[in-house]
Amino acid sequence: MPKATAVWLVENTKLTFEQIGDFCGMHPLEVQGIADGEVAVGIIGQDPVACGQLTTESIRHCENNPEARLALTEDTEKFIVSKSKTKGGRYTPVARRQDKPDAVAWFIKFHPLIPDAQIVKLIGTTKNTINAVRTRSHWNSANLKPKDPVLLGLCTQTRLDEAIAKYSKNPGGESDKKAG
């Protein structure tokens, strides 16, 4: 859609190529190519005002001030932010799926305090798989070897560190010193 918006802005406004390129995420020379008819041939322009991305006032302001930059309307900005925060299921390639029980075994061995729900979120497995690995009733339990989920590519080091820091704390805030 950025090219369609750029086409409309080139055809209907007096904005500079830099302003249009900055707003649409394009290089100014590409915008100039649109103006010359060399780029985006056959693309029908999309009105950003009708779509609610810009206001007529902001376009007029930027036309009068070549140093000013276009910005999305607040409603559009909120919509984009709300859409980007939604999380869906992560796709794990087929070649990586057999690694999940190894990652579960790693959590059980090295970080038993992390709850199953957090493990599910981190590596994208199921509670049934976690229980099967824990009770050694997993179909491949004889061949499971605890492996770091970050090295397997199932989660990021940052998310793993956050979970470990959150759930590895002792209840009551006592230190790890043994009573002696």
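Scroll up for the structure.
Just so it is clear, the structure is predicted and the values come from calculations on it, not from any experiment.

Visitor: How should the pattern of salt bridges be read in this particular structure?
Guide: Between side chains of opposite charge, a pair can form when the charged atoms approach closely. Per the counting criterion, the structure on display carries six salt bridges. Taking the shortest distance from any N to any O, the salt bridge between Arg60 and Glu63 comes out at 2.7 Å. Placement of the pair is Arg60 and Glu63 together in helix α4 (residues 56-64), with a separation of three residues, close to one helical turn. Judged by its relative accessible area of 41%, Arg60 falls in the partly exposed class. Given the relative accessible area of 18%, Glu63 is considered buried. Salt-bridge contacts for Arg134 lead to Asp116; the nearest nitrogen and oxygen are separated by 3.1 Å.

Visitor: Hey, could you run me through the nonpolar core in this one?
Guide: The nonpolar side chains of a soluble globular protein tend to be buried with one another. Counting 18 residues, the largest nonpolar core has Val104, Phe107, Ile119, Leu122, Ile123 and Leu160 as the members making the most contacts within it. Secondary structure elements with two or more residues in this core: α7 (100-110), α8 (116-123), α9 (127-134) and α11 (157-167). It is α7 that contributes the most residues to this core, five residues altogether. Once residues lying within four places of it in the same chain are set aside, the contact partners of Phe107 are Pro112, Ile114, Ile119, Leu122, Ile123, Pro149 and Leu160. Counting 17 residues, the second largest nonpolar core, distinct from the first, contains Trp8, Leu15, Phe23 and Leu54.

Visitor: Even after reading the chapter, I still don't get the packing of α7 against α8, so can you show me in this structure?
Guide: Pairs of packed helices are described in terms of their axes, by the angle between the two and the distance that separates them. At a minimum axis distance of 11 Å, the contact between α7 and α8 shows a crossing angle of 140°. Classified by the angle between their axes, α7 and α8 sit oblique to one another. In terms of crossing hand, the pair formed by α7 and α8 is right-handed. Across from Lys100, Ala103, Val104 and Phe107 in α7, the residues of α8 making contact are Ile119, Leu122 and Ile123. Residues belonging to the contact of α7 with α8 are distributed by class as follows: six nonpolar, no polar and one charged.

Visitor: Please explain α8 as it appears in this structure.
Guide: Residue pairs spaced three or four apart in an α-helix point in one direction, given the helix's 3.6 residues per turn. Three or more residues of α8 are buried, namely Asp116, Gln118, Ile119, Leu122 and Ile123. The arc that holds every buried residue of α8, seen down its axis, measures 155°, which confines them to one face. Packing partners of the buried residues in α8 comprise α7, α9, α10 (149-152) and α11. Two residues or fewer after α8 comes Gly124, characterised by a positive phi angle close to 75°.

Visitor: Whenever I open this one, the packing of α8 against α9 confuses me. Can you help?
Guide: One way to put it is that α8 packs onto α9 with a least axis distance of 9 Å and a crossing angle of 115°. It follows from the interaxial angle that α8 and α9 lie roughly perpendicular. Note on packing geometry: the crossing formed by α8 with α9 is right-handed. Across from Asp116, Ala117, Ile119 and Val120 in α8, the residues of α9 making contact are Lys127, Ile130, Asn131 and Arg134.

Visitor: Explanation requested: the side chain of Glu63 in the structure shown.
Guide: Among the polar contacts made by the side chain of Glu63, one reaches the main-chain amide nitrogen of Lys14 at a distance of 2.8 Å. In this structure Glu63 touches Thr13, Lys14 and Leu15, once residues within four positions along its chain are discounted.

Visitor: What exactly am I supposed to notice about the environment of Arg136 here?
Guide: Among the secondary structure elements, Arg136 is positioned in the loop between α9 and α10. With a relative accessible area of 66%, Arg136 lands in the exposed category. Between the C-alpha atom of Arg136 and that of Ala105, which follows or precedes it by 31 residues, the distance is 9.9 Å.

Visitor: Teacher, can you tell me more about unusual backbone geometry here?
Guide: Across the chain, the bulk of peptide bonds are trans and the bulk of non-glycine residues have phi less than zero. Even without a glycine there, the phi angle at Ala40 is positive, about 60°. With respect to the secondary-structure elements, Ala40 resides in the loop between α3 (28-36) and α4. Look at Arg136: it is not a glycine, yet its phi comes out positive at around 60°.

Cut-offs applied
Residues numbered from 1 in each chain as written. Predicted model: local features only at pLDDT ≥ 70, side-chain atom pairs only at ≥ 80, totals over all residues. Heavy atoms only, no water. Salt bridge = Lys/Arg side-chain N within 4 Å of Asp/Glu carboxyl O. Helix = DSSP H or I, 4+ residues; strand = E, 2+ residues; numbered from the N terminus. Buried < 20%, exposed > 50% of the residue type's maximum accessible area, 1.4 Å probe, protein only. Core = buried A, V, L, I, M, F, W, Y, C linked by side-chain atoms within 4.5 Å. Contact = heavy atoms within 4.5 Å. Axes fitted to C-alpha atoms, helices over the stretch in contact; angles between N-to-C directions. Parallel < 35°, antiparallel > 145°, perpendicular 65-115°, else oblique. Left-handed = near helix turned anticlockwise from the far one by under 90°. Nonpolar A, V, L, I, M, F, W, Y, C, P; charged D, E, K, R; others polar. Arc of directions from axis to C-beta. Polar contact = N/O pair within 3.5 Å; in protein donor to acceptor, adjacent residues only side chain to side chain.

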